[in-house]
Amino acid sequence: RQGKLRLQKWYTSQTDKSKKKITREIIAAVLSRKPKMSSFLEWKDLKVVYKRYASLYFCCAIEQDDNELLTLETIHRYVELLDKYFGSVCELDIIFNFEKAYFIFDEFILGGEVQETSKKSVLKAVNDQDVIQEEELEEKRSVLEDLGLA
Amino acid sequence: MAMSTTMDQVVKRAKDSFGQMFDKSLHDLVRGIRNHKDNEAKYINEAIDEIKQELKQDNISMKANAVNKLTYLQMLGYDISWSAFNIIEVMSSNKFTFKRIGYLAASQCFHEGTDVLMLTTNMIRKDLSSSSMYESAVAMSGLSCFINADLARDLANDIMTLMTSTKPYIRKRAVLLLYKVFLNNPDALKPAFPRLKEKLEDPDPGVQAAAVNVICELARRNPKNYLALAPIFFRLMTTSTNNWVLIKIIKLFGALTPLEPRLGKKLIEPLTNLIHSTSAMSLLYECINTVVAVLVSISSGLPNHNASIQLCVQKLRILIEDSDQNLKYLGLLAMSKILQTHPKSVQAHNDLIMQCLDDKDESIRLRALDLLSGMVSKKNLMDIVRKLMIHMDKSEGSHYRDELLSKIIEICSQSDYQHITNFEWYISILVELTRLEGTKHGNLIARQMLDVAVRVESIRPFACNQMAILLANAHVFIIGSSSTTVAEVLYAAAWICGEFCSYLKEPQKTLESILNTKIILFPGHIQSVYYQNILKIITYLIQSSDNDEILAKQLVAMTIDKMSIFLSSGDVEAQERASITLHILKTVLKLIEKSEFNVNELSALFDGVLNPVAAKAQRKVAIPNGLDLDAWINDPPSESEDESVTTDSRHDNSGFFYGKHEENYSSNSYSNETSNYQQPRNYVEPTTDELEKQRESRKQSENMNPFYLKDSKKTKLTQKHETSIDHSNGNESMPSTPGKGAIPANLQISLSDQLYRQSKIDEENRRLKKKSKSDGGSSKKGKKSSKKSDIAAIDENEDDIYPTVQVTRGGELPEGVTESGHEDNDDDIGSRKNKKYDPHRALNIDFNEKPIQATYTPPPSQLKEPSKKLVETPPVS
């Protein structure tokens, strides 16, 4: 709500400078909307679709002939995924585990296209990867133990 | 357990293992930033220094932790591009945990211009073909963000191989990633296409969906290539139950139908079935949009064409009536698409759209306004405008009110006032609009008043007297606020009253209001028009008084007396005009006293009629024979004439305006003036003989020149319809215009409302009359009435019951030129099409073309910053 960026994902190659500029402009445009307004606004030659969940705004910039309602569903699906993964997700979960939020996103969307519409499959893939990570950690610990460091 | 494992916990446990070696986990960093809100930058700079230390350690988990923290800082807007090499190091770790962090960092901060990317090709290739599907997937996700032309070229085959993986999880990603490859390396499209096509029939629905997504994107760029796939898509559409996929397929068909109308005909049925059955709004919306697009592209009527449009409009009505603002907004948006081709279907929902004008959401109100302009007809214009006027009174926010005002003017004036049947009503609407507080559109209203008065001859008496009321109440426009421009209407009012003063009911009173001393408070250009028109009204008054010298003298003396104050106007032009007017009047007074005054000398100043000139007139002026626009009018300064060269080059401007002196004026007047160019030039006045000669020759050349814009004696469109006479009779019976002193704002019922009611009564009467006429079937009046009853047979067409008011449309064109001018319109459409710029144009590749398009069009972001790209991309080694 204060216009702080929590997560961002770009599907067109942009320099840091232009990313910052675009982010600033879109945040300003979205924050200036009143609560009763629709979730769509026109921004340059793109359409911005946004939805507010508690204190977080989720925004997508889409092309002219993209479907706004489908984009809203995509946003909602992602929020559901976060919610399932973290268990009633809140802003702090995303701030402190931002890399997890990205990992979930990458399982859901690739190159700007939805790649997996089943929530179950997305979460299974994320959890599988967490298990791999866990195993690697155990491995590491046992190596350290072997070396007498732990 | 596994689910809640986060990197922090990993690090924390590792920290336990390593003891003091870790300074800060990501958790600590985030918390630290939140605790240092006052000096965030300082805290972060310290943290970055620590991170730099950590990156120097020879410990991969510490490096990964550092990179993870950097990714977070990058999101906050800090530059971490310096760490690109460290990121690659972490990406190349053989531990999945670290590789994932490395790829995430890369996907967030690398872009196609990042120069270390060229070092990554082999590492990414290795990761793509990893035996662990998750490693491969991580590499693909990362690559989809930072892929550039080099990577796309070098890795295209590896990605193609992944499309044949045994795991759907991998195939799906490879298919989606392929689109990014095409974008960055369009040459890959043609050879890869057959395999992509196979994926449409992949056993896994997820892979199918991915292939549909990619082809849908591709087809937006060049639909022609994908027409052959229509049968496959058609089958998918009728069998798939996945709405995500259905939407994409339907979108794809939307792109294909303009090329193949038969496809459109085939689509209508399944699409309308979906519209009937689906409960998913996103799918419904997509279907409606596609049906509309299909019906637009098949201009020849389908048998159930109208039924489909009706269905769409009905469904849209449900969307618009929904309490969800989003559906309302999109419903209106889709309506406006239908409006362009089927205005009648949309007009039926007039009520609904008017309701939307009351919506809380301004963006919805504006959408509804957009629709209105396409919905007006002769029949409903007055009703719609009336509602808008009422609406304007209620609405808040000057921006929206101004928007309403300009919309009212737009819908009334569109296609040369095509829908206006009663111009008295329109003038009174314009007058009422001037009461809108703080409007920015004073200019717009003024222009309309002028335009209507000039173009609609029959309205001039009414307009003049309405304008006279405005002038009499000019004081209400003296408002302190500078944000409003409503005073501009006085500019129009003064000119109309002056130019058409013969229609004024009480010209002398109008003259007195114009002589209001307060007008020096108005902007200069308004004053100027005032001063200029004073003279016109006086001239008329004297003319119409039958040379009553006493009256003339009195009038002129009074005006001279009042005008002297205008000499102190602060605006140079206004002051000058006041001065000229004043001196002409003084001369007139002198002549009257000597009894030598002839009013015709005065009226000669304002002789002639001002006709509107067509917008294209200038362009249509043919170049006369023998005129060479590139030739010098005067000889170019010759090198030999030293003197004149020096003067010309020094005087630049004066040389331009005066031309070469020797040729135009007697050279002796300039003979002494060669060196001191600042010395004022002595303009030698030509003798009266010379003047007379010049005038004669000019007149002659004017007569010879067919393109000279002289006022034409012949009147255009002289034929006045019977109905318009009816109409003017109707006027006479109307309540007379309110007295001059009345301030329109105080009227109980506004004038426009009175006129509106009268108009409705007239309309009804005419309808009855027509009915009785056609019932009787007797056609006494020959051609015309028989034609009328023919039209009456078609019930819908009621246009003939409306009065036809003669409007001078377009404007004067040079003789011998017709208004056809289609070529201009075509140009306009062409340029509009060009403007719609497609960033993915690179994918517009024709598969049937023999040589693959060699011209490389850069992908989107490169197009935005082409110069940057050239600088930043390292040469391929």
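Quick notes on the rules
The written sequence of each chain sets the order in which its residues are numbered from 1. Chain labels run from A onward and ligand labels from 1 onward, assigned in the order the entries are written. Given that the model is predicted, a residue must reach a pLDDT of at least 70 before its local features are reported, and side-chain atom pairs must reach 80 or more before they are shown or counted; all residues, however, enter totals for whole chains, interfaces and linings. Side-chain calculation: all heavy atoms of the structure are included, whereas hydrogens and water are not. UniProt positions are given in the numbering used here, feature names are shortened, and annotations may be inferred rather than shown by experiment. Runs of H or I in DSSP of at least four residues are treated as helices and runs of E of at least two as strands, each being numbered from the N terminus. A contact between two residues is defined here by any heavy atoms of the two lying within 4.5 Å. Using a 1.4 Å probe, accessible areas were evaluated by the Shrake-Rupley method; residue-level cover was limited to the displayed protein chains. Buried residues are those whose accessible area, probed at 1.4 Å on protein chains only, stays under 20% of the maximum for their type, while exposed residues exceed 50% and partly exposed ones sit between those limits. Any two rings among Phe, Tyr and Trp, with Trp reduced to its six-membered ring, count as a pair given centres within 6.5 Å; such a pair is stacked if its planes are under 30 degrees apart, edge-to-face if over 60, and tilted if neither. Each axis is a line fitted through C-alpha atoms, and for a helix only the stretch in contact is used; angles between axes span 0 to 180 degrees, taken between their N-to-C directions. Note on angle classes: values under 35 degrees are labelled roughly parallel, values over 145 roughly antiparallel, values of 65 to 115 roughly perpendicular, and the remainder oblique. By convention the crossing between two helices is left-handed if the near helix lies anticlockwise of the far one by an angle smaller than a right angle, and right-handed if it lies clockwise. Residue polarity follows a fixed list, in which Ala, Val, Leu, Ile, Met, Phe, Trp, Tyr, Cys and Pro are nonpolar, Asp, Glu, Lys and Arg are charged, and the others, Gly among them, are polar. Accessible-area loss on putting two parts together, using a 1.4 Å probe and summing over both, is the definition of buried area adopted here. A pair is scored as a salt bridge if a Lys or Arg side-chain nitrogen falls within 4 Å of a carboxyl oxygen belonging to Asp or Glu. In protein, a polar contact requires one atom able to donate a hydrogen and another able to accept it; more generally it is a pair of N or O atoms within 3.5 Å, and residues adjacent in sequence count only if both atoms are side-chain atoms. Scored from 0 to 100, pLDDT reflects the predictor's confidence in each residue. Strands qualify as paired when DSSP identifies two bridges or more between them. Under the convention used throughout, the expected extent of a helix is 1.5 Å for every residue step, that is, one less than its residue count. Any two cysteine sulfur atoms lying within 2.5 Å of each other are counted as a disulfide. Counted charges follow a simple rule, with Lys and Arg positive, Asp and Glu negative, and His plus the chain ends left uncounted. Patch membership needs two things, relative accessible area over 30% and no salt bridge, and members are linked within 9 Å if like-charged or within 5 Å if nonpolar (Val, Leu, Ile, Met, Phe, Trp, Tyr).

The name an unreviewed UniProt entry gives chain B is AP-3 complex subunit delta, with Adineta steineri as the organism. Within the UniProt record for chain B, the comment given under Subcellular location (unreviewed entry) is "Endomembrane system". Per UniProt, chain B has the following entry under Sequence similarities (unreviewed entry): "Belongs to the adaptor complexes large subunit family."

Under an unreviewed UniProt entry, the name given to chain A is AP complex subunit sigma, and the source organism is Adineta steineri. Entered under Subunit (unreviewed entry) in the UniProt record, the comment concerning chain A runs "Adaptor protein complex 1 (AP-1) is a heterotetramer composed of two large adaptins (gamma-type subunit AP1G1 and beta-type subunit AP1B1), a medium adaptin (mu-type subunit AP1M1 or AP1M2) and a small adaptin (sigma-type subunit AP1S1 or AP1S2 or AP1S3)."

Trainee: Quick one: what's the story with the overall build of chain B, residue by residue and with numbers?
Mentor: What chain B contains, in helices and strands, is 42 helices and zero strands. A sequence separation of at least 24 residues applies to 70% of the contacts in chain B between residues at least 6 apart. Entry remark: accessible area of chain B is about 44000 Å², with carbon and sulfur atoms responsible for 51%.

Trainee: Quick rundown of the overall build of chain A? Include the residues and the values.
Mentor: From N to C terminus, chain A includes five helices and five strands. Going through the 150 residues of chain A one by one, you find that 52% of them count as buried. Restricting to contacts in chain A with at least 6 residues of sequence separation, those with at least 24 account for 38%. Split by element, the accessible area of chain A, about 7100 Å² in all, is 55% carbon and sulfur.

Trainee: Could you give me a rundown of unusual backbone geometry, with the residues and numbers involved?
Mentor: Of all residues except glycine, most have a negative phi; of all peptide bonds, most are trans. Residue and element names in this part refer to chain A. In this model, K44 sits at a positive phi of 50 degrees, which is unusual for a non-glycine residue. Secondary-structure assignment places K44 in the loop between β1 (40-43) and β2 (46-53). Judged by its relative accessible area of 57%, K44 is exposed.

Trainee: Please set out the packing of aromatic side chains residue by residue, giving values where relevant.
Mentor: Here the distance between the centres and the angle between the planes together describe a pair of aromatic rings. Residue and element names in this part refer to chain B. Evaluated as defined, the whole model comprises 18 aromatic pairs over all chains. Ring geometry for F233 versus F253: centroids 6.5 Å apart, planes at 80 degrees, classification edge-to-face. Here F233 is found in helix α13 (residues 230-239), whereas its partner F253 is found in helix α14 (residues 243-256), with 20 residues between them in sequence. On the basis of relative accessibility, which here comes to 1%, the residue F253 falls in the buried class. Geometrically, the ring pair formed by F234 and F253 is edge-to-face, given 6.3 Å between the ring centres and 70 degrees between the ring planes. You can see F234 sitting in helix α13 and its partner F253 sitting in helix α14, a full 19 residues away along the chain. Across the pair, exposure class does not vary: F234 and F253 are buried alike.

Trainee: Could you give me a rundown of the packing of helix α4 (residues 60-75) of chain B against helix α6 (residues 96-109) of chain B, with the residues and numbers involved?
Mentor: Residues and elements named next belong to chain B. Across the interface, α4 lies against α6 with an axial gap of 9 Å and an inter-helix angle of 30 degrees. Between α4 and α6, the angle is such that the two are roughly parallel. With respect to the hand of their crossing, α4 and α6 are arranged in left-handed fashion. Contacts from I60, S61, A64, V67, N68, T71 and Q74 of α4 reach α6 at F98, I101, L104, A105, Q108 and C109. By residue class, the composition of the contact of α4 with α6 is eight nonpolar, five polar and no charged.

Trainee: Can you lay out the interface of chain A and chain B for me, pointing to particular residues and giving the numbers?
Mentor: Across the contact, 71 residues belong to chain A and 77 residues belong to chain B. For the pair chain A and chain B, the summed buried area comes to about 7100 Å², and 54% of that belongs to carbon and sulfur atoms. Among the residues of chain A in contact with chain B, F96, L110 and E113 of chain A are the three that bury the most area, contributing 10% of the side total. On inspection of chain A and its partner chain B, the count reaches nine salt bridges. Across the pair D66 of chain A and R220 of chain B runs a salt bridge, and its minimum N-O distance is 2.5 Å. At the surface where chain A touches chain B, the tally comes to 25 residue pairs in polar contact (both at pLDDT 80 or more). Elements represented by at least two residues in the side of chain A that touches chain B include exactly α1 (16-31), β1, α2 (68-86), α3 (91-96), α4 (98-108), β5 (113-114) and α5 (119-146) of chain A.

Trainee: Provide a residue-level description of the pattern of salt bridges, including the pertinent values.
Mentor: A full pass over the atoms with the stated rule returns 45 salt bridges over all chains. For E116 of chain A, the salt bridge identified is with K172 of chain B, shortest N-O distance 2.6 Å. With E116 of chain A in the loop between β5 and α5 and K172 of chain B in helix α10 (residues 168-184), this residue pair bridges two chains. K172 of chain B shares its class with E116 of chain A; the two are buried. Between D383 of chain B and K760 of chain B there is a salt bridge; the shortest N-O distance is 3.1 Å. Separated by 377 residues along the polypeptide, D383 of chain B in helix α22 (residues 381-394) and K760 of chain B in helix α38 (residues 751-776) bring together distant segments of the chain. Members of the salt-bridge network, linked through shared partners, are E63, D65 and D66 of chain A together with E217, R220 and R221 of chain B.

Trainee: Before we move on, can you summarise the confidence of the model for chain A with the specific residues and values?
Mentor: This prediction gives chain A a mean pLDDT of 87; 94% of its residues lie at or above 70. Mean pLDDT across the elements of chain A ranges from a minimum in α5 of chain A, with 85, to a maximum in α2 of chain A, with 93.

Trainee: Just give me the short version of the sheet that holds strand β3 (residues 56-62) of chain A, but keep the residues and values in it.
Mentor: All names here are of chain A. If you trace the three strands from one edge of the open sheet to the other, you get β1-β2-β3, paired in antiparallel fashion. Edge strands, defined here as strands with exactly one partner in the open sheet, are β1 and β3. Sheet twist, expressed as the average angle between the axes of neighbouring strands with direction ignored, equals 30 degrees. Pairing of β1 with β2, which is carried by four bridges, proceeds in the antiparallel orientation. Along β2, the bridge assignment pairs E42 with K47. Across the sheet, α1 is in contact with β1, β2 and β3; its angle to β1 comes to roughly 140 degrees.

Trainee: Explain the pairing of β3 of chain A residue by residue, including any values.
Mentor: Residues and elements named next belong to chain A. Pairing between β2 and β3: seven bridges, direction antiparallel. Its bridge partner lying in β3, V49 is registered against C60. Counted between consecutive antiparallel strands, the loop separating β2 from β3 contains two residues, among which A54 sits at a positive phi close to 50 degrees.

Trainee: Provide a residue-level description of helix α17 (residues 305-321) of chain B, including the pertinent values.
Mentor: Residues and elements named next belong to chain B. Here α17 contains 17 residues, and its C-alpha end-to-end distance of 24 Å stays within 8% of the 24 Å for a straight helix at 1.5 Å per residue. Of the residues making up α17, those classed as buried are H305, S308, I309, L311, C312, V313, K315, L316, R317, L319 and I320. Along its buried surface, α17 packs onto α15 (261-277), α16 (281-297), α18 (325-341), α19 (343-347) and α20 (350-356).

Trainee: Can you break down the state of the cysteines residue by residue, with the values?
Mentor: Cysteine pairs can be linked by a disulfide, which is a covalent bond between their two sulfur atoms. Under the defined criterion, the tally for this structure stands at zero disulfides over all chains. Here C312 of chain B is not cross-linked by a disulfide; its sulfur's nearest cysteine counterpart is in C287 of chain B, at 9.0 Å.

Trainee: How would you summarise the side chain of R33 of chain A if you had to cite specific residues and measurements?
Mentor: Looking at where R33 of chain A falls in the secondary structure, it is placed in the loop between α1 and β1. Buried and unpaired, R33 of chain A has no salt bridge, with D361 of chain B as the nearest side chain of opposite charge at 4.7 Å. Side chain to side chain, R33 of chain A and Y50 of chain A meet in a polar contact 3.1 Å long. If sequence neighbours within four positions are ignored, R33 of chain A has contacts with S38, F40, L41 and Y50 of chain A together with S363 of chain B.

Trainee: Lay out a nonpolar patch on the surface with the relevant residues and their values.
Mentor: A cluster of nonpolar side chains, namely F85, M118 and L119 of chain B, defines an oily patch on the protein surface of about 320 Å² accessible area. Its location among the elements puts L119 of chain B in the loop between α6 and α7 (121-128).

Trainee: Give me the lowdown on the side chain of D202 of chain B, citing residues and values where you can.
Mentor: Residue and element names in this part refer to chain B. By the secondary structure assignment, D202 is in the loop between α11 (189-198) and α12 (205-221). Classification of D202 by relative accessible area gives buried; the value is 4%. Looking at D202, its side chain comes within polar contact range of the side chain of R171, at 2.9 Å. In this view, D202 contacts R171, V207 and Q208; residues no more than four positions away in its chain are not counted.

Trainee: Which residues make up the packing of α14 of chain B against α16 of chain B, and what values go with them?
Mentor: Residue and element names in this part refer to chain B. At a minimum axis separation of 9 Å, α14 and α16 run at an interaxial angle of 10 degrees. Accordingly, the angle class assigned to the pair α14 and α16 is roughly parallel. Taken together, the residues of α16 that come into contact with α14 (itself represented by N243, L246, I247, I250, K251 and G254) are S282, L283, E286, C287 and T290.

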